[in-house]
Amino acid sequence: MAQLVLNDLKKEYPTRSEPLEILKGIDLELSSGDNLAVIGPSGSGKSTLLNVLGTLDHPNGGTY
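Anyway, here's the lowdown on the structure attached to this text. Quick caveat: nothing in here was measured; it's all calculated off a predicted structure. (Residues numbered from 1 in each chain as written. Predicted model: local features only at pLDDT ≥ 70, side-chain atom pairs only at ≥ 80, totals over all residues. Heavy atoms only, no water.)

## Quick notes on the environment of leucine 50
Here's step 1: In this fold, leucine 50 is placed in helix 1 (residues 46-53).
Here's step 2: Taking C-alpha positions, leucine 50 is 15 Å from glycine 62, a pair spaced 12 residues apart along the chain. (Helix = DSSP H or I, 4+ residues; strand = E, 2+ residues; numbered from the N terminus.)

## Section: the nonpolar core
Here's step 1: By size, the foremost hydrophobic cluster in this structure holds five residues: Leu6, Leu9, Leu23, Leu49 and Val52.
Here's step 2: Among the secondary structure elements, those contributing two or more residues to this core are strand 1 (2-13) and helix 1.
Here's step 3: Every residue in contact with leucine 49, bar those within four places of it in the chain, is listed here: Leu6, Leu9, Leu23 and Val38. (Core = buried A, V, L, I, M, F, W, Y, C linked by side-chain atoms within 4.5 Å. Buried < 20%, exposed > 50% of the residue type's maximum accessible area, 1.4 Å probe, protein only. Contact = heavy atoms within 4.5 Å.)

Structure follows, in structure tokens:
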């Protein structure tokens, strides 16, 4: 049974012209004992994802 489930998780920030999409529909299931590494280039949304998962920030859409 999955302990952490993300469905269509989205996060965006407003800009003058249009919203800046940081997380674009993340789907993920992790069970107890699973390991996950979050890697990617600077600016790809790693910290934003971890902030949402740690409840320091709120998504604009989706569920977790």
